[in-house]
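Single-letter residue listing:
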Amino acid sequence: MRLAIPDPKSLLERWRKFYGQFAAWTRERMPKGLYARALIIIIAPMVLLQSVLTFVFLERHWETVTRRLSTATVQNIAMLIDIYKSYPQGKDSQTLIKLANDDLGLRVKIVPNDELPQTRSRPFFDLLDRTLSDEITRQIGKPFWIDTVGTSNLVDIRIKLDNAVMHVLARRSQTYASNSQIFLLWMLGTSLVLLTVAILFLRNQIKPILRLAEAAESLGKGRPTPPDFRPRGAREVRQAAQAFIEMRDRIERHVEQRTTMLAGVSHDLRTVLTRFKLQLAMFEESPELDAMRADVDEMQAMLEDYVAFAKGASGEEIVRTDISEILTEVRNQAHGKSDIRIDVGDAPLVVPLRRHAFKRAVANLVNNAVRFADHVAVSAGREDGSLVVEVEDDGPGIPENERDQVFRPFYRLDDARNQDAKSTGLGLAIARDIARIHGGDIALSESRLGGLRAVLKVPV
């Protein structure tokens, strides 16, 4: 019968699979925070080092000292037995008992015609029991009984002689390395002191990184960075903080320059459109004049949309905003004849936002739904630390392969939507831009009403 030799490639594949599963299991259970991981990096080597020291030094030291002490005690007992056998003893062996007590520190009693107690099971930690038993068997070679269990400071040793039993009570410190706990206390105490110092220093090193992360998160959400933020900590952390501050300043200067430029362009174009309106007001009423006025109004609306899209909403201050109030205003100002239902729950929903910008984003979503649907449902609530506003309609919807494209500026779905509906193609682009300024986003999917479902989600 030949043994089947496994294929090396198969073994390698099994090993890779096992290693991958083990690595995935470890990653899932490892802490995700930098502070916790740094603590593990410090604590794990220290625990490993202490464990090795405990096993290599303490175990061997403990066992060696215990064996030597037990050997010396058994040698003394063997000497007493030889004296008892070789030399005549007085009544009750008082001389031998006095010699053992004064010179050897052992309490000895000779009990004639006595028997050994029944053998007891060894304790779990049987180093002393095993060492004493080995030494008595090796040096004395007679039946014996020992009791090393309990909290007593004495160890009971009984040796069966020819016509008597020798009872010996020895101090535990004579047979056992009882000062090992001092080493453990010193080791644990030193470890705790070192860990405390390491944790304090580590905390001071991690704090600037956490502050930098908070500042970056605030900037990503469109909020001002904390006023007390400044480069701190190690050199590398200071460099990262300084680079972040410079990047933030460049972004703010760029936004400010763009806003100033667009404000000037908007003012100039509005002036021209105002002159157009004044000149049109001087002509007599006619269908052609009404068409020209409509074109001017459309040009002004398009201008407002373009400026709003290019300007964004970064210049507005963040204030605590009642979402229910915003949704009510949007419903009252919605253009169309659709039925709009609002649901914000029973609890008050007040969150820090750029109020006017957020209202514009919601209004764009609602107006987009009202333009093509008969029924619109708007709901708002908190979910996993974020504000979620959902706008659903029963309109024609948007094909799945077009849902990312509609957020592009000036992109319009004329085939899927009503071609008579006038739009600049910037409504959804402006809404997503505002959501991203708040650190969130907008996602489109199929509505439960049969049309389009737009979900605006921003962290709060």
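A quick note: this is a predicted structure, and the numbers were derived from the prediction, not measured.

Draft legend 1. Layout of the overall build of the protein chain. From N to C terminus, the protein chain includes 11 helices and 11 strands. Looking at the protein chain residue by residue over its 460 residues, the buried ones come to 34%. Excluding contacts between residues fewer than 6 apart, the proportion of contacts in the protein chain whose partners are at least 24 apart in sequence is 65%. Summed over all atoms, the accessible surface of the protein chain reaches about 29,300 Å², with 56% contributed by carbon and sulfur.

Draft legend 2. Looking closely at the sheet that holds strand β6 (residues 339–343). Spatial ordering of the open sheet is given by β6-β8-β9-β11-β10, a layout of 5 strands whose pairing is mixed. The open sheet terminates on both sides in strands that have one partner only, identified here as β6 and β10 (441–446). Strand-to-strand, the axes of this sheet are offset by a mean angle of 15 degrees, without reference to chain direction. Note that strand β9 (residues 386–393) and strand β11 (residues 452–459) share 7 bridges and pair antiparallel. Residue pairing across strands places Val391 opposite Ala454, the latter belonging to β11. Across the sheet, helix α11 (residues 427–437) is in contact with β10 and β11; its angle to β10 comes to roughly 130 degrees.

Draft legend 3. Up close: the pairing of strand β8 (residues 375–383). In this sheet, β8 lies alongside β6 in parallel orientation, the contact comprising 5 bridges. Note on β8: the bridge partner recorded for Asp343 is Ser379. With 8 bridges joining them, β8 and β9 adopt antiparallel strand pairing. Within the sheet, the bridge partner assigned to Ala377 lies in β9 and is Glu392. Counted along the chain from β8 to the antiparallel partner β9, the turn is 2 residues long, and its residue Asp384 has a positive phi close to 55 degrees.

Draft legend 4. A look at the sheet that holds strand β2 (residues 144–147). Here 4 strands make up an open sheet; going across it, the order is β1-β4-β3-β2 and the pairing antiparallel. For this open sheet the edge positions go to β1 (106–112) and β2, each flanked by a neighbour on one side alone. Averaged over all neighbouring strand pairs, the angle between strand axes comes to 15 degrees, with direction disregarded. In this sheet, strand β4 (residues 164–171) lies alongside β1 in antiparallel orientation, the contact comprising 7 bridges. Bridge pairing links Pro112 to Ala164 in β4.

Draft legend 5. Looking closely at the packing of helix α9 (residues 323–333) against helix α10 (residues 355–372). Two elements in contact, α9 and α10, have axes whose closest approach is 10 Å; the angle formed by their N-to-C orientations is 50 degrees. In this view, α9 runs oblique relative to α10, as classed from their interaxial angle. Taken as a pair, α9 and α10 cross one another with a handedness that is right-handed. Two secondary-structure elements touch here, α9 through Ile323, Glu325, Ile326, Leu327, Glu329, Val330 and Gln333 and α10 through Arg355, Phe358, Lys359, Val362, Ala363 and Val366.

Draft legend 6. Local environment of a positive patch on the surface. On the surface, Arg203, Lys207, Arg230, Arg232 and Arg238 cluster together into a positively charged patch. Structurally, Arg232 is set in the loop between α6 (180–220) and α7 (235–281). Take Arg232: its relative accessible area is 33%, and that puts it in the partly exposed class.

Draft legend 7. A look at the environment of Ile97. Residue position: Ile97 is located in helix α3 (residues 94–104). Once the C-alpha coordinates of Ile97 and Ile110 are considered, the two residues, 13 residues apart in sequence, prove to be 8.6 Å apart. When neighbours within four sequence positions are excluded, Ile97 is seen to be in contact with Asp92, Val108 and Lys109.

Draft legend 8. Highlighting empty space enclosed by the protein. In total, this model carries 3 cavities of 30 Å³ or more according to the counting rule given. Approximately 60 Å³ is the volume found for the largest cavity. In this structure, the second largest cavity occupies an estimated 50 Å³ of space. Together, Leu365, Asn368, Ala369, Val391, Asp393, Leu428, Leu452 and Ala454 line the second largest cavity. The dominant element in the lining of the second largest cavity, judged by the number of residues it contributes, is α10, at 3 residues. Here the residues of the lining of the second largest cavity are counted per class, giving 6 nonpolar, 1 polar and 1 charged.

Draft legend 9. Representation of the packing of α10 against α11. For the pair α10 and α11, interaxial distance at closest approach is 8 Å and the crossing angle is 145 degrees. The element α10 and its partner α11 pack so that their crossing is left-handed. Together, Ala357, Phe358, Arg360, Ala361, Asn364 and Leu365 of α10 and Gly427, Leu428, Ile430, Ala431 and Ile434 of α11 make up the contact between the two elements. Each residue belonging to the contact of α10 with α11 can be placed in one class, and the counts come to 8 nonpolar, 2 polar and 1 charged.

Draft legend 10. Quick peek at the side chain of Glu392. By the secondary structure assignment, Glu392 is in strand β9. Sequence-distant contacts of Glu392, that is, excluding residues within four places in its chain, are made with His375, Val376, Ala377, Ser447, Arg448, Leu449, Leu452 and Arg453.

Draft legend 11. Representation of unusual backbone geometry within the structure. In this structure, Asn113 takes a positive phi of about 50 degrees despite not being glycine. With respect to the helices and strands, the residue Asn113 is situated in the loop between β1 and α4 (127–139). Taking the relative accessible area as the measure of exposure, Asn113 reaches 69% and is therefore exposed. In the Ramachandran plot, Asp384 falls in the positive-phi region, its phi being about 55 degrees despite a non-glycine side chain. The topology assignment puts Asp384 in the loop between β8 and β9. For Asp384, a relative accessible area of 72% puts it in the exposed group.

Draft legend 12. A look at a nonpolar patch on the surface. Where nonpolar side chains cluster on the molecular surface, the patch consists of Leu12, Trp15, Phe18, Tyr19, Phe22 and Trp25 and spans about 720 Å² of accessible area. With respect to the element layout, Leu12 can be found in helix α1 (residues 8–29).

Scoring rules and cut-offs
- Throughout this document, residue positions are counted from 1 along each chain, in the order its sequence is written.
- The model is predicted, so local features are restricted to residues of pLDDT at least 70 and side-chain atom pairs to those at 80 or more, both for listing and for counting; the totals for chains, interfaces and linings are taken over all residues.
- Side-chain figures throughout are based on the complete set of non-hydrogen atoms in the structure, without hydrogens or water.
- Helix and strand definitions follow DSSP, with helices as H or I runs of at least four residues and strands as E runs of at least two, each counted in order from the N terminus.
- Remark: exposure states derive from per-residue accessible area (1.4 Å probe, protein chains only) relative to the maximum for the residue type, with buried under 20%, exposed over 50%, and partly exposed in between.
- Two residues qualify as a contact provided that any one of their heavy atoms is within 4.5 Å of a heavy atom in the partner residue.
- Values of accessible area rely on a 1.4 Å probe in the Shrake-Rupley scheme; residue burial ignores everything except the protein chains shown.
- When DSSP finds two or more bridges between a pair of strands, those strands are recorded as paired.
- Lines are fitted to the C-alpha atoms to define the axes, a helix being fitted only along its stretch in contact, and any angle between axes, read from their N-to-C directions, falls within 0 to 180 degrees.
- Angular relationships are summarised with four words: roughly parallel below 35 degrees, roughly antiparallel beyond 145, roughly perpendicular across 65 to 115, and oblique for the angles in between.
- Each helix crossing is assigned a hand: it is left-handed if the near helix lies turned anticlockwise from the far helix by less than a right angle, otherwise right-handed if that turn is clockwise.
- Each patch is built from salt-bridge-free residues with over 30% relative accessible area, joining like charges within 9 Å and nonpolar side chains (Val, Leu, Ile, Met, Phe, Trp, Tyr) within 5 Å.
- The term salt bridge refers to a side-chain nitrogen of Lys or Arg lying within 4 Å of a carboxyl oxygen of Asp or Glu.
- His is not counted, nor are the chain ends, whereas Lys and Arg count as positive and Asp and Glu as negative.
- Every charge is mapped onto a representative atom, which is NZ of Lys, CZ of Arg, CG of Asp or CD of Glu.
- In this analysis the probe radius is 1.4 Å and the grid spacing 1 Å, with only protein atoms considered; a cavity is a set of points the probe fits into but cannot get out of, a pocket is an open set with protein on both sides within 12 Å along at least five of seven lines, and lining residues have an atom within 4 Å of a point.
- Grid points are joined across faces, edges and corners, and a volume is the space filled by probe spheres set on the points.
- Residues are grouped as follows: Ala, Val, Leu, Ile, Met, Phe, Trp, Tyr, Cys and Pro are nonpolar; Asp, Glu, Lys and Arg are charged; all remaining types, including Gly, are polar.

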